[in-house]
Protein chains: 2
Amino acid sequence: MARLSDVIEEFIKSLLKESEGQLELQRNELADFFECAPSQINYVLATRFTLNHGYYIESRRGGGGYIRIVRLDVDRNDYLHYLLTEGIGNRISEQKAMQIIDRMKEQEYISEKAAYLLKAAISDKAIGIPANLKDNIRANILKSLITAIMAYDSKKP
Amino acid sequence: MARLSDVIEEFIKSLLKESEGQLELQRNELADFFECAPSQINYVLATRFTLNHGYYIESRRGGGGYIRIVRLDVDRNDYLHYLLTEGIGNRISEQKAMQIIDRMKEQEYISEKAAYLLKAAISDKAIGIPANLKDNIRANILKSLITAIMAYDSKKP
DNA sequence: TATTAATAAAGGTCAAAGAAAGTCAAAAAT
DNA sequence: ATTTTTGACTTTCTTTGACCTTTATTAATA
């Protein structure tokens, strides 16, 4: 019962791989192919191919319309610097933080394992109630981290 | 008559045995199967599949949602298990946390790089003033992390 | 022929419905 | 008194569909 949106996401990513990070597609065609509502394509794009995820999207309506998806292969230091100075700011939601880690993994700044650990480290679950005590928070983070290491290791064979 | 929660517990454990310590299940499906309230599944998980019991749980809501249960390899990861159940507790100083990470690296649970990153993640500097806001804290952690990646990479050739 | 109007062919938006899982506290059982 | 069971309510994520806007093509008109 895999989510259709995930399937579509993977499909697009594989197309992107074949075509060197850039592709044009027909929304209706794709929707036909997956037998879904055309707007589901928009949903997939909106939730999995945002700027945060490292993709840029252009489109055109009318006859001969298209949707162009471009994977941004930004220079690594530029990207990191951008994150530090603008991208993150003073507060960041769990969701966005996860997206950033995902992207860092996809761009191979960090290993899959590190990504997994770091996600665990910054998850809401890990940070817990904003109890006023630093040491408290850190303890939570650490525990979550260790759990993650164990889970990771007994996960993929 | 055996308590239903116990039956469900055993059922899940037998599933885990068949699937090598890892499985995904549908909460409602399981509840249907046992003709109980869905929240009873949560109850079973919360009381019998906790970290202390050696299990790790991830889940996702919405269409195609799931609950994933991972049995942690407690025996093989003696040290980690000790940390989780006794070693860390509710609060931990920066110093001790760092020592733990060092040791995890030495025991090769994590790579040198990961260790470096994680230290950054849980440092006093990263967690900052215990501003009452979770997102705040997380943002700090993330930034610190990114700095760490950059530092790490421009350090060792 | 050049301009304008109609039609078709895309893609966009948004909100409602659906499909999970989470929470919490009251009631029941032990 | 403690543990278990139940259920009402909440939150998150996905899917669907009705309606809207933009662009291209074709038909009609001046």
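All of these numbers come straight from a predicted model, not from anything done at the bench.

Caption draft 1: Summary view of the protein's contact with DNA strand D. Among the 26 residues in the neighbourhood of DNA strand D, the closest are listed as A:Gln40, A:Tyr43, B:Ser5, B:Gln40 and B:Tyr43. The sugar-phosphate portion of DNA strand D accounts for 62% of its atoms within 4 Å of the protein, the bases making up the rest. A distance of 3.0 Å is found between a phosphate oxygen of DNA strand D and a backbone nitrogen or oxygen belonging to A:Leu4. A:Arg61 is positioned with one of its side-chain polar atoms (N or O) 2.5 Å from a base oxygen of DNA strand D. Sorting the residues of the surface near DNA strand D by element identifies α1 (4-18) and α3 (38-48) of chain A together with α1 (4-18) and α3 (38-48) of chain B as the ones contributing at least two each. Per-class residue counts for the surface near DNA strand D are 7 nonpolar, 11 polar and 8 charged.

Caption draft 2: Seen up close, the protein's contact with DNA strand C. Taken together, 30 residues sit near DNA strand C, with A:Asn42, A:Ser59, B:Arg27, B:Asn42 and B:Ser59 positioned nearest. For DNA strand C, the backbone portion of the atoms within 4 Å of the protein, that is sugar and phosphate, comes to 62%. A:Asn42 places a side-chain nitrogen or oxygen 2.9 Å from a phosphate oxygen of DNA strand C. A distance of 3.1 Å separates a base nitrogen of DNA strand C from a polar atom in the backbone of A:Gly62. Partitioning the surface near DNA strand C into residue classes produces 6 nonpolar, 18 polar and 6 charged.

Caption draft 3: Spatial organisation of the packing of helix α4 (residues 78-87) of chain B against helix α5 (residues 94-106) of chain B. All names here are of chain B. In contact at an axis separation of 11 Å, α4 and α5 are set at 160° when each is read in the N-to-C sense. With respect to each other, α4 and α5 are oriented roughly antiparallel. The two elements α4 and α5 meet at a crossing, and its hand is left-handed. Contacts from Tyr79, Leu80 and Leu83 in α4 reach Ile100, Arg103 and Met104 in α5. Considering only residue class, the contact of α4 with α5 consists of 5 nonpolar, no polar and 1 charged.

Caption draft 4: Region of the structure containing the sheet that holds strand β2 (residues 55-60) of chain A. Residues and elements named next belong to chain A. Spatial strand order, β1-β3-β2: 3 strands in an open sheet with antiparallel pairing. Only two strands of the sheet have a single partner each, and these edge strands are β1 (22-25) and β2. Going from strand to strand, the sheet's axes swing by 15° on average, the running direction of each strand aside. Where β2 meets strand β3 (residues 66-71), 6 bridges bridge the pair, whose relative direction is antiparallel. Bridge pairing in β3 places isoleucine 57 opposite isoleucine 69.

Caption draft 5: Summary view of the side chain of A:Gln99. Topologically, A:Gln99 is positioned in helix α5 (residues 94-106). Discounting chain neighbours no more than four positions away, the residues touching A:Gln99 are A:Thr50, A:Asn52 and A:His53.

Caption draft 6: Expanded view of the packing of aromatic side chains. Residue and element names in this part refer to chain A. Applying the stated criterion across every chain, the model contains 9 aromatic pairs over all chains. Ring geometry for tyrosine 79 and tyrosine 109: centres 6.2 Å apart, planes at 40°, overall tilted. Separated by 30 residues along the polypeptide, tyrosine 79 in helix α4 (residues 76-87) and tyrosine 109 in the loop between α5 and α6 (112-122) bring together distant segments of the chain. For tyrosine 109, a relative accessible area of 5% translates into the label buried. Cluster of aromatic residues (ring-pair linked, three or more members): Phe11, Phe33 and Phe34. Against the face of tyrosine 79 rests arginine 103, its NZ or CZ located 4.1 Å from the ring centre.

Caption draft 7: Spatial organisation of the domain arrangement of chain A. Residues and elements named next belong to chain A. Partitioning chain A into structural domains gives domain 1 (4-71) and domain 2 (76-155). Across the boundary between the two partners, domain 1 contributes 7 residues, which contact 5 residues of domain 2. Of the roughly 540 Å² buried between domain 1 and domain 2 on both sides combined, carbon and sulfur atoms contribute 36%. On the surface where domain 1 and domain 2 come into contact, there are 1 salt bridge. Where glutamate 106 meets lysine 13, a salt bridge forms, and the shortest distance between an N and an O atom there is 3.3 Å. Split into classes, the residues belonging to the side of domain 1 that touches domain 2 amount to 2 nonpolar, 4 polar and 1 charged.

Caption draft 8: View of α4(B). Among all positions of α4(B), only B:Tyr79, B:Leu80, B:His81, B:Leu83 and B:Leu84 are buried. Among the residues trailing α4(B), B:Gly89 stands out with phi positive, at a value near 70°.

Caption draft 9: Summary view of the side chain of B:Ser5. In this structure, B:Ser5 sits in helix α1. With sequence-adjacent residues up to four places away left out, B:Ser5 is seen in contact with B:Gln40, B:Tyr43, B:Val44 and B:Arg48.

Caption draft 10: Structural context of the nonpolar core. Judged by nonpolar contacts, the single largest core of 40 residues is most densely connected at A:Met104, A:Ile110, B:Met104 and B:Ile110. Breaking this core down by element, the ones donating at least two residues are α4, α5, α6 and α8 (134-153) of chain A together with α4, α5, α6 (112-122) and α7 (124-127) of chain B.

Caption draft 11: Structural detail: the packing of α1(B) against α3(B). Residues and elements named next belong to chain B. Orientation of α1 relative to α3, taken along the N-to-C sense of each, is 75°, at an axis distance of 10 Å. Between α1 and α3, the angle is such that the two are roughly perpendicular. On α3, the residues that touch Leu4, Ser5, Asp6, Ile8, Glu9 and Ile12 of α1 are Gln40, Ile41, Tyr43, Val44, Leu45 and Arg48. The residue makeup of the contact of α1 with α3, split by class, is 7 nonpolar, 2 polar and 3 charged.

What counts and how
- Residues numbered from 1 in each chain as written.
- Chains lettered and ligands numbered in written order.
- Predicted model: local features only at pLDDT ≥ 70, side-chain atom pairs only at ≥ 80, totals over all residues.
- Heavy atoms only, no water.
- Near = heavy atom within 4 Å.
- Polar contact = N/O pair within 3.5 Å; in protein donor to acceptor, adjacent residues only side chain to side chain.
- Helix = DSSP H or I, 4+ residues; strand = E, 2+ residues; numbered from the N terminus.
- Nonpolar A, V, L, I, M, F, W, Y, C, P; charged D, E, K, R; others polar.
- Axes fitted to C-alpha atoms, helices over the stretch in contact; angles between N-to-C directions.
- Parallel < 35°, antiparallel > 145°, perpendicular 65-115°, else oblique.
- Left-handed = near helix turned anticlockwise from the far one by under 90°.
- Contact = heavy atoms within 4.5 Å.
- Pairing = 2+ DSSP bridges.
- Phe/Tyr/Trp six-rings, centres within 6.5 Å; stacked < 30°, edge-to-face > 60°.
- Buried < 20%, exposed > 50% of the residue type's maximum accessible area, 1.4 Å probe, protein only.
- Lys NZ or Arg CZ within 6 Å of the ring centre and 35° of its normal.
- Domains from an automatic or database assignment.
- Buried area = accessible area lost by both parts, 1.4 Å probe.
- Salt bridge = Lys/Arg side-chain N within 4 Å of Asp/Glu carboxyl O.
- Core = buried A, V, L, I, M, F, W, Y, C linked by side-chain atoms within 4.5 Å.

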